[in-house]
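Fold and geometry: a report
Here is how the chains run, residue by residue.
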Amino acid sequence: MENVYDIIVIGGGPAGIGAAFTAAEQKMKVAIVERHSILGGNWTNGYVLSILGVYTYSGKTKIVGGVADKVIERLKSANGTGGKVGNFIPFRPDEMKITLEQMSSDLNIDLFYNSLVTGVETVGNTIKGLKITGKNGTKLIYGKTFIDSSGDADVAHLLSLNTLSGNDKGVHQEATIPFRIGNVNESKVIEFSKNNPNKIAVVITEGRLSRIRILPELVEKAKNEHMLYLPHANAEFLFNTSKAGEFVCNATHVNVTDFSDGNELAKISSDARMQVLSSLNFLVKEIPGFENSYLIDSGSFIGLRETRRAIGEYVLSKNDVLNNAKFYDVIARCGHPIEVHDPDKGVYYIHLNGGDDSWYEIPYRAIVVKGVSNLFVIGRCISSEFEAQASARVTGTAMSMGQAAAFASMLMIKNNISAKEVNITELQALLRNYGALI
Ligand SMILES: Cc1cc2nc3c(=O)[nH]c(=O)nc-3n(C[C@H](O)[C@H](O)[C@H](O)COP(=O)(O)OP(=O)(O)OC[C@H]3O[C@@H](n4cnc5c(N)ncnc54)[C@H](O)[C@@H]3O)c2cc1C
């Protein structure tokens, strides 16, 4: 067989690039198959312009290292981020797109853009290749190990394996199109918040306006007066992108019943874009400091928080998250609370019992797909209960799952073994040596 990759990564989002960059740095032959023509997934297509999970929720303790550090450093040198603000790393989207492509190119990763994985070739319980579909139809690419970072557990689904989806009633988290807004007069916003603490709240971090929250009193009033079309939200949340006067607004919310239905996606996307325009007009008209601001851009793909999850050798549970579980086969840490954007209850958080400076561990078994010898699942579609995914999905954590899948793949290829047979002590030693904080 010609052109067999060591590792094929399905989806070039935060989890996928974490896996691919780590593996390619270890001189593995790596391909990323990506259905869009851009790397970054929700970061760049969905305008999630903040990396959460590298620090605990309090922002006090760093809990993710390794490949995430390399991406953030490279982004800093491209002026795409000023680094940490509180507990997150805000960044600008185009610098992220360019940085990720440059890193891929430096690492000799083969990128397949506009290529959707639509089929899987197996022999017994081992995957041999993937069918990837583009303009000219479908072709096969072959690999030794496969890392599903599609966000939707597409490979498990294509293999007809059982998967998990939605909460216990099958209901998904709501989806969002964030938008970027420029020319915000920060001192005016701060002044307005001082005089109107019931209408707007601000967070100043290290002397800079980092977050703005338009509170329910003002939002509900505007909605009641038909000045604001935001059917599923009662507050607007904005954060600074690391450039003065530039903010991302995360306010739009739409229900998702079938994320695989293109017609439904079109309808909910255009509804979310109406909410973008209405939110912008509301901010410009009603909030001092926004009067000269303007829409820079918005996500080109609706940001799906949760869709389908694979079933692994372990299913990370809500109790694991809340009780700060520790595992013998730890491969990553996460300190993000459970954050649910619920169609009925709105946005709610459940914090870790250990407090906002604590974390839980993610076990290796939760990234090993059950019933397949050479398939990992990482990121948004990790083997997890609905509430556990609502915490573990953040992008710092996604990158660290990726680096674990990469080193595990390396050990599988070196020792000619299955994912289940990987020596945990050896894997953890490789991860620590690479900078992983476990
Ligand atoms: C509105 C919103 C706000 C959020 N806010 C934050 C935040 O502030 N900070 C934070 O850290 N996280 C945030 N999150 C969560 C985070 O963005 C996601 O959980 C994260 O992107 C997970 O990374 P991933 O690589 O697993 O998945 P994704 O980012 O979804 O990437 C999956 C990739 O796979 C590709 N793909 C899918 N199917 C196929 C296929 N069959 N073939 C080929 N390619 C395929 C997709 O095009 C995509 O590029 C937010 C999410 C949303 C939606």
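What comes next concerns the included structure. Keep in mind the model is a prediction, meaning the values are calculated, not measured. (Residues numbered from 1 in each chain as written. Predicted model: local features only at pLDDT ≥ 70, side-chain atom pairs only at ≥ 80, totals over all residues.)

Residues in contact with the ligand amount to 37 residues; listed here are only the nearest, Gly11, Gly13, Gly41, Gly303 and Gly379. Broken down by secondary-structure element, the contributors of at least two residues to the shell around the ligand are α1 (14–25), β3 (50–51), β6 (116–123) and α10 (395–415). Looking at which element gives the most residues to the shell around the ligand, the answer is α1, with three residues. Its residues placed into classes, the shell around the ligand shows 13 nonpolar, 17 polar and seven charged. (Near = placed C-beta within 6 Å. Helix = DSSP H or I, 4+ residues; strand = E, 2+ residues; numbered from the N terminus. Nonpolar A, V, L, I, M, F, W, Y, C, P; charged D, E, K, R; others polar.)

Our focus in this paragraph is the pairing of strand β2 (residues 30–33). Of the two faces of β2, the one lined by Val30 and Ile32 and the one lined by Ala31 and Val33 are each fully buried. Bridging between strand β1 (residues 4–10) and β2 involves four bridges; their strand directions are parallel. Paired with valine 9 across the two strands is isoleucine 32, which belongs to β2. Remark: the β1/α1/β2 crossover connection has right-handed handedness. Inspection of the sheet shows β2 paired to strand β5 (residues 110–112) by three bridges, in the parallel sense. In the sheet register, alanine 31 faces β5, and the bridge partner there is aspartate 110. (Buried ≥ 20, exposed ≤ 12 C-beta atoms within 10 Å, placed from the backbone. Pairing = 2+ DSSP bridges. Right-handed = clockwise from strand over helix to strand, strands pointing away.)

What follows is about the environment of valine 184. Within the element layout of this structure, valine 184 appears in the loop between β10 (179–182) and α5 (186–195). Sequence spacing of valine 184 and threonine 241 is 57 residues, and the spatial spacing of their C-alpha atoms is 12 Å. Leave out the neighbours within four places in its chain, and valine 184 touches Val189, Gly245, Phe247, Gly289, Phe290 and Ser293. (Contact = placed C-beta atoms within 7 Å.)

Within helix α6 (residues 216–224) the residues assigned to the buried category are Leu218, Val219 and Ala222. On an axial view of α6, the arc spanned by its buried residues comes to 95°, and they lie on one face. As for α6, its buried residues are in contact with β11 (200–205), β12 (208–214), β13 (236–240) and α7 (262–286). One or two steps after α6, the chain reaches histidine 226, where phi turns positive at roughly 60°. (Arc of directions from axis to C-beta.)

Structural measurements only, silent on function.
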